[in-house]
Amino acid sequence: MGAYAPFSSGRERGMESDVRKNPGLLKLDLYCRGIKLDDSCTIEEKGGRKILRTRAGLGSGLELILPGDLWTNVPVVEDFVAASPYTLGWRDGAFWIDHEAHGPVTPVRLSPQPSWYNRTTSTGKRMTLVGTLQGTYLGVYPSKVCEYWLKQPDKEQCKFCSVGLNLGADDGDEKSVEEVVEVVKAARAESGITYVDFNTGHYDGDTYLDILEPYIRRVKEETHVMIGVQTPPHRDLTRYRELRRMGVNRISFCFEIWNRERFQEVCPGKHRQYGLDRYLEAIRYCAQEVGPTGRDFEPWVVNGEIIAGLEPAEDSIRAIDWITSVGAIPTVCVFRPLQATDYATLPPPKTEDVVPVFRRLYEACMERGLPIGVAGNVHVSLVMLPDEARWLQHDPNRFWWGETKLKLMRKVFAARLRRELGRGQVAVPVPA
Ligand code: SF4
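What counts, and at which threshold
Here the residue numbering is sequential within each chain, running from 1 through the sequence in written order. Residue-level local features of this predicted model are given only where pLDDT is at least 70; pairs of side-chain atoms are given and counted only at 80 or more, and the full residue set underlies all totals for whole chains, interfaces and linings. Hydrogen atoms and water are omitted, and side-chain values are computed over all heavy atoms in the structure. Strands here are runs of E lasting at least two residues and helices are runs of H or I lasting at least four, both read from the DSSP assignment and numbered beginning at the N terminus. Remark: exposure states derive from per-residue accessible area (1.4 Å probe, protein chains only) relative to the maximum for the residue type, with buried under 20%, exposed over 50%, and partly exposed in between. Between two residues, a contact is recorded if the distance between any of their heavy atoms is within 4.5 Å. Two strands are said to pair when DSSP picks up at least two bridges between them. Convention adopted: a line fitted to C-alpha atoms gives each axis, helices being fitted over their contacting stretch, and angles between N-to-C directions are expressed from 0 to 180 degrees. Stacked, tilted and edge-to-face pairs are distinguished by plane angle, under 30 degrees for stacked and over 60 for edge-to-face with tilted covering the rest, among Phe, Tyr and Trp rings (Trp via its six-membered ring) whose centres lie within 6.5 Å. Definition used for salt bridges: Asp or Glu carboxyl oxygen within 4 Å of a side-chain nitrogen of Lys or Arg. Pairs of cysteine sulfur atoms within 2.5 Å are what we label disulfides. How far a helix is expected to stretch is found by multiplying one less than its residue total by 1.5 Å. Nonpolar cores were defined as sets of buried Ala, Val, Leu, Ile, Met, Phe, Trp, Tyr and Cys residues, with membership established by side-chain atoms within 4.5 Å.

**Section: the overall build of the protein**
- Within the protein, the secondary structure is distributed over eleven helices and 15 strands.
- By its C-alpha atoms, the protein is 55 × 55 × 45 Å across when sized along the principal axes.
- Buried residues in the protein amount to 60% of all 432 residues.
- Across the protein, contacts joining residues at least 24 apart in sequence account for 73% of those joining residues at least 6 apart.

Take a look at the structure:
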């Protein structure tokens, strides 16, 4: 791995290495270091989102919008943040990120706090207990806590995960279909969301898809938003054909770790119950064998999700190369040692160690002609997206032809999505 430090010389070979000029690198550096809030940061008073530790597991930070329209979730409460060189402060009517050695980095915007965040459903449940915005999409964890947290005598949860710690704090337990539909409609009408992501952990008996299907059918029927599903890999892979027919547009399998020994160590429950190979086979199957629905507009994307910083970068890169080789798109999170988890005292990764991983992420997707960044109105705060990793390239223009195609796809996609959403029962303007 080459020597690298933000601000060092302005260039690391071809890549701009000054975070004042490279918001992609700043997004990554903030994931790895976090940011301190100075006393002027009254986030909610100034329209920002409360810091929620939701069951999405990794999101415990401050939702910000960086230059380049990069949405992010920056660690603020974990212990490692105390050593961060970054501070967020309010001055002259704006929030500024400052660097302790280099002064002002950039002004930033807070991701707006939606009006529905303070409301309750008709059943009296706080709407944020049903779903929360992660960037510009709605994340819903509709069922009970992942059962790896309940195993006795030894829990089997993934070591980085905080899902079982959050329960009853920032996220509710069971949610009815009606409650979820109500919150999706509020988020659609008031926050303009176009995508809902359903997430579950592991339940004995492979029941997660049975649990999700009633939610998926109703939300699709009533709003026509795009829908994503993230669960363990179901034993019966033909269920994914059915999910697609139901209107699911994205399916994501989080195997987290490519290195088999590390996988066993970091994710003991997943290893015992499924094993890495079942995750990989589900990704391959969904990317290659789930056919079209026959409906006019039904985009289909398959993701394999990994965490950078819990295994050597070379292994993360191997995972990226494998995922893209079967036609799926990698989702790469940056390891965050969340408070009270098994890995709370581990250090976060160094930025220079994860830059090559994200650099390869963009390259591999472009080499395979995968449709990245096509849903232009979906901004994701919890991960750095493949198209955002363009900021880390030494020579991004070498993919000019693929990028031209993607631009065209983005326009066609936006027009078709607008038409599709117009069929829903929620009358709102669709963001361009
Ligand atoms: S499967 Fe692992 S990461 Fe997912 S909710 Fe369960 S313990 Fe957490």
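Continuing now.
**Brief notes about unusual backbone geometry**
- The residue D92 is not glycine, and still its phi comes out positive at about 50°.
- Topologically, D92 is positioned in the loop between β6 (86-91) and β7 (94-99).
- At A340, a residue that is not glycine, the phi angle is positive and equals roughly 70°.
- Mapped onto the fold, A340 is located in the loop between β15 (329-334) and α10 (351-367).

**Let's talk about the sheet that holds strand β10 (residues 137-140)**
- If you trace the seven strands from one edge of the open sheet to the other, you get β9-β10-β11-β12-β13-β14-β15, paired in mixed fashion. Lying at the two open borders of the sheet, with one neighbouring strand each, are β9 (132-134) and β15. Between one strand axis and the next, the sheet turns through 30° on average, direction left out of account.
- Alignment of strand β14 (residues 301-308) against β15, held across six bridges, turns out to be parallel. Across the sheet, I306 pairs through a bridge with V332, a residue of β15.

**A few points about the packing of aromatic side chains**
- Counted according to the given criterion, the structure contains twelve aromatic pairs.
- Between the aromatic rings of W90 and F95, the centroid separation amounts to 4.8 Å while the plane-to-plane angle is 65°, which identifies the pairing as edge-to-face.
- Pairing F335 with Y343 gives two aromatic rings, centres 6.2 Å apart and planes at 90°, and the pair type is edge-to-face. Both residues of the pair, F335 and Y343, belong to the buried class.
- One aromatic cluster in this structure is built from F255, W258 and W322.

**As for the pattern of salt bridges**
- In total, this model carries 30 salt bridges according to the counting rule given.
- Close ionic contact of D197 with R250 constitutes a salt bridge, the shortest N to O distance being 2.8 Å. Of this pair, D197 sits in strand β11 (residues 195-199) while R250 sits in strand β13 (residues 248-256); the two residues are 53 residues apart in sequence, bridging distant segments of the chain. The pair D197 / R250 is uniform in exposure class, with both members buried.
- Of the charged contacts in the structure, one is a salt bridge between R360 and D321, with a shortest N-O distance of 2.8 Å. With a gap of 39 residues between them, R360 in helix α10 and D321 in helix α9 (residues 313-325) connect regions that are remote in the sequence.
- With relative accessibility at 29%, the residue D321 sits in the partly exposed group.
- One network of salt bridges, in which partners are shared, links D321, R360, E363, E367 and R398.

**Points about the sheet that holds strand β8 (residues 103-110)**
- Spatial strand order, β3-β6-β7-β8-β4-β5: six strands in an open sheet with mixed pairing. The two strands at the open ends of the sheet, each matched to only one other strand, are β3 (36-37) and β5 (70-74).
- Against the sheet, helix α1 (residues 23-33) engages β4 (62-66), β5, β6, β7 and β8, with an angle of about 10° to β5.

**Here's the deal with the state of the cysteines**
- The tally for this structure, following the rule as stated, stands at zero disulfides.
- With no disulfide partner, C32 has as its closest neighbouring cysteine sulfur the one in C333, 12 Å distant.
- Relative accessible area serves as the criterion here: at 5%, C32 is assigned to the buried category.

**A word on the environment of R272**
- Topologically, R272 is positioned in helix α7 (residues 268-273).
- For R272 and V383, which are 111 residues apart along the polypeptide, the C-alpha to C-alpha distance reads 27 Å.
- Not counting residues within four places of it along the chain, the set of residues in contact with R272 comprises K151 and E156.

**A look at helix α11 (residues 400-421)**
- With 22 residues, α11 extends 31 Å between its outermost C-alpha atoms, agreeing within 8% with the 32 Å of an ideal straight helix rising 1.5 Å per residue.
- Residues of α11 that are buried sit in contact with α3 (177-191), α4 (208-223), β12 (226-230) and α10.

**Regarding the nonpolar core**
- Residues L88, I97, L138, F160, F198, F255 and F358 are the most contacted members of the largest nonpolar core, which totals 128 residues.
- The element that contributes the greatest number of residues to this core is α10, accounting for nine residues.
- In this view, F160 contacts E256, V266, C267, I307, L310, F335, L338, T341 and Y343; residues no more than four positions away in its chain are not counted.

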